[in-house]
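This is what each chain is made of:
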Amino acid sequence: ARTAAVIPAAGRGVRLGPGAPKALRALGGTPMLVHAVRAMAASRAVSLVVVVAPPDGAAEVRALLDDHPLTGHDRAEVLVVPGGETRQESVRLGLAALPADITTVLVHDAARPLVPVDTVDAVITAVREGAPAVVPALPLADTVKQVEPRTGAAAGEPELVTGTPERSLLRAVQTPQGFDRRTLDAAHEKFAALEGEGATDDAGMVERLGAPVVLVPGHEEAFKVTRPLDLVLAEAVLARRRA
Ligand code: CTP
Ligand code: MG
């Protein structure tokens, strides 16, 4: 019964603006991906980390990780595989690289480099206690509006609101999401053909299988680096940790 973490890191980071692929951008002088790998390896339960690199960047990512070896109690084996066009495809390629003895899998965005180890461990514990899918989540700060699907011509125009879901019943989900390995494999096999834009959330695929998904408390520092302001916040969090 071993636990592995798959880290999808194959995205370009379009919303972050021009520059290197997002996972390779520096945070406190160290690539975001290296922070994410360390965050997974920091859990004593995680013995293998599979990094899913940009499709044409596996050799570069391998070299980068070799330049930043894991140390001390953060030791884990690190594999690098090339990713795909969508996050869903990248995760599927990462799962395909797992050895047979892995029974619990975490899927963790490279773009969430600062997740605390306590959050990682809480997810693993809930899976080991029998939940097939476990997701760290937080209540929303903002009220959310539903709108009509966007048509091309409507871009830039005011949008018509169709509803306001009750905020207290909504949760914003983070990673690492944790899974019984066979359940996640089954979900990715079943929905591989439906890739299209691809699922942005692995637990959502497990829901479509009909298996239960449960939430555990997430953490503010597990936020996703998506837009330029998120980099400012990430640098500030790192500086506070180092102080
Ligand atoms: N990801 C991936 N393969 C893809 C697309 C995304 O492995 N084809 C990964 C990203 O590298 C990231 C995670 O999925 O770690 C979450 O995706 P997101 O935050 O959307 O990152 P990007 O897709 O890189 O960013 P953007 O959508 O702004 O281009
Ligand atoms: Mg994306």
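In this text, all values refer to a predicted model and were calculated from it rather than measured experimentally. (Residues numbered from 1 in each chain as written. Chains lettered and ligands numbered in written order. Predicted model: local features only at pLDDT ≥ 70, side-chain atom pairs only at ≥ 80, totals over all residues.)

## A word on the UniProt feature "site: Positions MEP for the nucleophilic attack" (unreviewed entry) in the chain
Consideration 1: Following the UniProt record, the feature "site: Positions MEP for the nucleophilic attack" (unreviewed entry) maps to Arg167 and Lys224 here.
Consideration 2: Looking at the element boundaries, Arg167 is found in the loop between strand S9 (161-163) and strand S10 (171-173).
Consideration 3: A residue is classified by how many C-beta atoms lie within 10 Å of it, and Arg167, with 12 of them, is exposed.
Consideration 4: Ignoring anything within four residues of it in the chain, the contact list for Arg167 reads Leu140, Thr143 and Val144.
Consideration 5: You can see Lys224 is positioned in the loop between strand S12 (214-217) and helix H7 (228-242).
Consideration 6: Judged by the 16 C-beta atoms lying within 10 Å of it, Lys224 falls in the partly exposed class.
Consideration 7: Residues within four places of Lys224 in sequence aside, it is in contact with Asp109, Ala111 and Arg112. (UniProt positions renumbered as here; feature names shortened; annotations may be inferred. Helix = DSSP H or I, 4+ residues; strand = E, 2+ residues; numbered from the N terminus. Buried ≥ 20, exposed ≤ 12 C-beta atoms within 10 Å, placed from the backbone. Contact = placed C-beta atoms within 7 Å.)

## Regarding the packing of helix H3 (residues 87-95) against helix H5 (residues 181-191)
Consideration 1: Across the interface, H3 lies against H5 with an axial gap of 10 Å and an inter-helix angle of 130 degrees. Between H3 and H5, the angle falls in the class oblique. Along this stretch, H3 crosses H5, giving a crossing that reads as left-handed. Taking contact as the criterion, the partners of Val91, Arg92 and Leu95 in H3 are, on H5, Leu184, Asp185 and His188.
Consideration 2: Residue composition of the contact of H3 with H5, grouped by class: three nonpolar, one polar and two charged. (Axes fitted to C-alpha atoms, helices over the stretch in contact; angles between N-to-C directions. Parallel < 35°, antiparallel > 145°, perpendicular 65-115°, else oblique. Left-handed = near helix turned anticlockwise from the far one by under 90°. Nonpolar A, V, L, I, M, F, W, Y, C, P; charged D, E, K, R; others polar.)

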